[in-house]
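Coordinates in review
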Amino acid sequence: MKNTLKEQLEETYGMKAVPLYLPKRCAARKSRAEPCSTCVQVCPEQVFPAGKRKHPDWDRCTHCGVCAGACPTRCITPPVDRVKSFLMALAKRGPLSMGCDTDEHSFRLSLRCLAAASWEQMACAALHEGVVISLRACEACSRQAEKDAIQENLRRLRQFLGETRFRERVTILTDEEPDYVPQEAVMSRRELLRFSGGLTLDRAFSLLPAMDEKQDSSLFYRALLRDMVEQTETGAKSGEKYGLALPRFQSSCYGCGYCVQACPSKALKLLPGDGTFTMAVEAWKCTGCGICRNTCREEGIAGIMPVKISHLGTVALTKLKQHCCPQCGAPYPRTDDAEVCAACASREQARQRREKRKNQAGKTDG
């Protein structure tokens, strides 16, 4: 293990001082049906060029992390210092308070803009020991795109936690509560001395999630949330589930696998069975970008819709019958007039045409 938390994040997870833009996960590049310009609108320094996509101008970047927190498809890796600050704040005792650095009150996690905190970060804090979110500075802010991103993150946070958990674990501060100041957890002198040592850093290291590849670093907070859910559900008695927007497959899906190949996060899985197949998804990887739906040739995905699940691991979405071509063995959409797949039918038609031309040539020669 590296000596510092920052070194661990850089070496193990591939994070950098500036956000990393991953084009293969960008909805604006992968899915023309649903264009996205969130990063262009929320970036206060105009790092991301408008119009035709080009490489971001990182020389302008101030490492605020707003683009990473607002991106709906999580195709931007958060800057390493912002991740380090969040983990250190989360490792302390008591609810995590967060707000804009223009707020007159101080918070455990002060940000350039609250839009830099993704809904996954808020959910991690809520499940850990609770979260206090200050919206006081938003009223005077002129950046409408950032305000919209904050509201979208709060909407997804409420959808994920559910109404009961949201009311119990999330506190929203507005101008209607001008005298409310977030209070830190009360600690004894001995506890305070322990936390002033290395205990907070040790707890921050223990929060680091397991991830397979550095390219998944844009999903760092989702992996952290996955681990939080597993730990929370271990001793949970309520049985309340979590809400995520996942692909909804329908009967027209025949298991071709194009959506599995197109998924930028490698979240979708096609599990074969005896005459059937199951479409599954690794919930923590699925960002609801909709690229799978736009890739489907048979409208096998009805849309990206809210689903209640008890964990963020592999979730079975639907189980359907699979029709395989008797000639090549590939799956195909079975209809009354199609006994083989389109490729085999095309090859058979080509063979018949060649035979017909050959017979005609033979008759002419004779």
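Residues numbered from 1 in each chain as written. Predicted model: local features only at pLDDT ≥ 70, side-chain atom pairs only at ≥ 80, totals over all residues. Heavy atoms only, no water.

1. Topic: the overall build of the chain
Definition in use: Numbering of helices and strands runs from the N terminus; a helix is a DSSP stretch of H or I covering at least four residues, while a strand is a stretch of E covering at least two. Think of it in three bands: with a 1.4 Å probe and only protein chains considered, a residue is buried below 20% of the maximum accessible area for its type, exposed above 50%, and partly exposed in between. For every accessible area listed, the method is Shrake-Rupley and the probe measures 1.4 Å; residues are considered covered only by the protein chains on display.
Summing up its helical and strand segments, the chain has 12 helices and 11 strands in all. Of all 366 residues assigned to the chain, the portion counted as buried reaches 45%. Carbon and sulfur atoms form 47% of the exposed surface of the chain, whose accessible area is close to 19200 Å².

2. What about the sheet that holds strand β11 (residues 314-321)?
Applied cut-off: When DSSP locates at least two bridges between a pair of strands, those strands are taken to pair. Structural elements are reduced to axes, namely lines fitted to C-alpha atoms, with helices fitted over the stretch in contact, and the angle between N-to-C directions of any two is expressed from 0 to 180 degrees.
Strand order in the open sheet formed by three strands is β8-β9-β11, with antiparallel pairing between adjacent strands. Each edge of the sheet is formed by a strand with only one pairing partner; in this case those strands are β8 (268-272) and β11. Looking at each pair of strands side by side, their axes are set apart by 25° on average, direction ignored.

3. Looking at unusual backbone geometry
Among all residues except glycine, the phi angle is most often negative; among peptide bonds, the trans geometry is most common. Here the phi dihedral of His-63 falls at roughly 65°; this positive angle occurs in a residue that is not glycine. For His-63, the position within the fold is in the loop between α3 (38-42) and α4 (66-70). Its identity as a non-glycine residue notwithstanding, Arg-74 has a phi of 55°, on the positive side. The residue Arg-74 is located in the loop between α4 and β2 (76-77) in this model.

4. Comments concerning the side chain of Arg-226
The cut-off we apply is this: Residues count as neighbours in contact if any of their non-hydrogen atoms are within 4.5 Å of one another.
In this fold, Arg-226 is placed in helix α9 (residues 220-234). In this structure, Arg-226 is in contact with Pro-209, Ala-210, Trp-284 and Leu-312, ignoring residues within four places of it in sequence.

5. Side note on the packing of aromatic side chains
Quick note on the threshold: The criterion for an aromatic pair is that two Phe, Tyr or Trp rings (for Trp, the six-membered ring) have centres within 6.5 Å, with stacked assigned to planes under 30 degrees apart, edge-to-face to planes over 60 apart and tilted to the rest. Here, over-ring charges are defined by two tests on the NZ atom of lysine or the CZ atom of arginine: distance to the ring centre within 6 Å, and angle to the ring normal within 35 degrees.
Taken as a whole, this structure holds seven aromatic pairs when the rule is applied. Where Trp-119 meets Phe-160, the ring centres are 5.3 Å apart and the plane angle is 50°; that geometry is what we call tilted. Within this pair, whereas Trp-119 is found in helix α6 (residues 119-128), its partner Phe-160 is found in helix α7 (residues 144-169), the two being separated by 41 residues in sequence. The burial state of Trp-119 is the same as that of Phe-160; both residues are buried. Taken together, the ring pairs in this structure connect Tyr-13, Phe-86, Phe-220 and Tyr-221 into an aromatic cluster. Arg-226 extends its terminal NZ or CZ atom over the ring of Trp-284, reaching a point 4.6 Å from the ring centre. Over the aromatic face of Tyr-258 sits the side chain of Arg-297, whose NZ or CZ is 3.8 Å from the ring centroid.

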